[in-house]
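# Architecture and fold: a report
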Amino acid sequence: MIWRVRLAPTIVYGDCDARFVSPREVSELEPSLSDACRGAVHIPGEIVVDPWLFPVALAAHAREVAAASGIEGDAIRCGVEADMERSTFDPEEGIWTIETKPTEGGDGRGGTIRARCVVNAAGIDADLIQSGASSGGGGGLPGPSFEARPRRGQYAVFAASPDDGPPNGSVPTRPIQPVPSQFTKGIFVYSTLYDQLVVGPTALDQESRTDDAVDPDVRADLVDHASRVMGDRFDPSRLVGEYVGIRPGTDGRDYQIRLHASSNFVTVGGVRSTGLTASLGVGRHVAR
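Residues numbered from 1 in each chain as written. Predicted model: local features only at pLDDT ≥ 70, side-chain atom pairs only at ≥ 80, totals over all residues. Heavy atoms only, no water.

Another point: the overall build of the protein chain. Looking only at helices and strands, the protein chain has 7 helices and 13 strands in total. C-alpha atoms of the protein chain, sized along the principal axes, occupy 70 × 50 × 40 Å. A burial count over the protein chain gives 31% of its 288 residues as buried. Taking as baseline every contact in the protein chain between residues at least 6 positions apart, the subset at least 24 positions apart corresponds to 59%. In the form shown here, the protein chain has an accessible surface area of approximately 17900 Å², with 53% of it arising from carbon and sulfur atoms. Where the 28 positive side-chain charges of the protein chain centre and where its 39 negative ones centre are 6 Å apart. (Helix = DSSP H or I, 4+ residues; strand = E, 2+ residues; numbered from the N terminus. Buried < 20%, exposed > 50% of the residue type's maximum accessible area, 1.4 Å probe, protein only. Contact = heavy atoms within 4.5 Å. Areas by Shrake-Rupley, 256 points an atom, 1.4 Å probe, with all protein chains shown as cover. Lys, Arg positive; Asp, Glu negative; His and termini not counted. Charge placed at Lys NZ, Arg CZ, Asp CG, Glu CD.)

Right, let's talk about the sheet that holds strand β6 (residues 118-120) for a bit. Strand order across the open sheet formed by 3 strands is β6-β13-β12, with mixed pairing between neighbours. Each edge of the open sheet is held by one strand with a lone partner, namely β6 and β12 (256-260). Put simply, the sheet's adjacent strands are angled 10° from each other on average, direction ignored. When β6 meets strand β13 (residues 265-269), the two strands line up parallel, connected through 3 bridges. When the bridges of β13 are listed, V119 appears paired with V266. Against the sheet, helix α5 (residues 126-135) contacts β6, β12 and β13, and its axis sits at roughly 160° relative to β13. (Pairing = 2+ DSSP bridges. Axes fitted to C-alpha atoms, helices over the stretch in contact; angles between N-to-C directions.)

So, about the pairing of β13. Counting buried positions over the 5 residues of β13 gives 5, a clear majority of the element. Residues F265, T267 and G269 of β13 are buried on one face, and the alternating residues V266 and V268, pointing to the opposite face, are buried as well. Where β12 lies against β13, 5 bridges are found, and the strand directions are antiparallel. Residue pairing across strands places Q256 opposite G269, the latter belonging to β13. Between β12 and β13, which follow one another and run antiparallel, lie 4 residues, and N264 among them has a positive phi close to 50°.

Time to look at the packing of aromatic side chains. Within this structure, the stated rule accounts for 4 aromatic pairs. Look at W96 and F265: their rings are 5.8 Å apart centre to centre, the planes differ by 50°, and that puts the pair in the tilted class. Placement of W96 in strand β4 (residues 95-99) and of F265 in strand β13 is noted, with a sequence separation of 169 residues between them. Neither W96 nor F265 differs from the other in exposure class; each is buried. Ring geometry for Y155 against Y243: centres 4.7 Å apart, planes inclined by 10°, an arrangement best described as stacked. Here Y155, found in strand β7 (residues 151-159), pairs with Y243, found in strand β11 (residues 239-247); they are 88 residues apart in sequence, far enough to count as distant. Judged by relative accessible area, which is 18%, Y155 ranks as buried. (Phe/Tyr/Trp six-rings, centres within 6.5 Å; stacked < 30°, edge-to-face > 60°.)

Let's shift gears to the confidence of the model for the protein chain. Predicted confidence across the protein chain gives a mean pLDDT of 87, with 94% of residues reaching 70 or more. The secondary-structure element of the protein chain with the lowest mean pLDDT is helix α1 (residues 2-6), recorded at 52, while β13 shows the highest, at 97. Under a pLDDT of 50 for its full length, residues 1-5 has, in the predicted model, 1 contact with residues more than four places off or in other chains. (pLDDT = per-residue confidence, 0-100.)

Before going further, it helps to spend a moment on the pairing of strand β9 (residues 196-200). When you tally the buried positions in β9, you get 4 out of 5 residues, the bulk of the element. Where β7 and β9 come together, 4 bridges link them in antiparallel fashion. By the bridge assignment for β9, A156 is matched with V199. Strand direction decides the pairing type here: strand β8 (residues 188-191) and β9, joined by 4 bridges, are antiparallel. Within β9, the residue paired with F188 across the bridge is G200. Connecting the antiparallel pair β8 and β9 is a turn made up of 4 residues, with D195 showing a positive phi of about 60°.

Counting 18 residues, the largest nonpolar core has V189, L197 and V199 as the members making the most contacts within it. For this core, the secondary-structure elements that each account for two or more residues are β7, β9 and α6 (216-230). For this core, the leading source of residues is α6, giving 5 residues. Residues within four places of V199 in sequence aside, it is in contact with Q154, Y155, A156, F158, I187, F188, V189, L222, H225 and A226. (Core = buried A, V, L, I, M, F, W, Y, C linked by side-chain atoms within 4.5 Å.)

Okay, here's the thing in structure tokens:
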């Protein structure tokens, strides 16, 4: 019953369906994996989500809620960048006056947004946004209690023909991940909704908040990882794309959610990949 002891934390947190599977069952569940696989933990609730459709759905829902609440105009505004150093907070009125920077192709002037509360969910720049608001007219808002630590994640995308799926088993039907550590969940191998095979992401710290250039050496590491996971069933010649994303890591391990009640300001920083799963809960927590 050792497996129950090792999976006990998972069960405590509600994932009661997780279980160990033998090498034979692994080959039955995922025939695309290498024959060298010695076993796995099967987590039925682990799925792949389209990273674009999910926020689009949230935006559509926000518009519906705004319309039902009688809010005039579009609740979603894109391409507007706040200039927090020029923005001010009136503690007596309890209102922020947020100055925006000129938009590209506009008249060279910014605009103004009035808000009762500011939620700073600026990702990798969340500490800079709070720092700017603090040094400007933030009405006593303190500086950030954390520092951003950019962490790059590189992916490689490979083409998969219609014959690669079940029952032929040339690509996995479930996300395949290594044993995670306290620092990272590791590199995944998974098939997308669009008949592609994706390998990634890596987890490499860097100084730049904007450098998302593809590293050929990292690409080679991803190919090597996929080859070890899938063995001869993986064809590296079918590379069709690659990209890099920058995670909003911080000098703290946990999410950096801070309420500054006297300034009507909430910072929601350090939310990385797990934020997709936690997003509804984080939103509910912040709203309360």
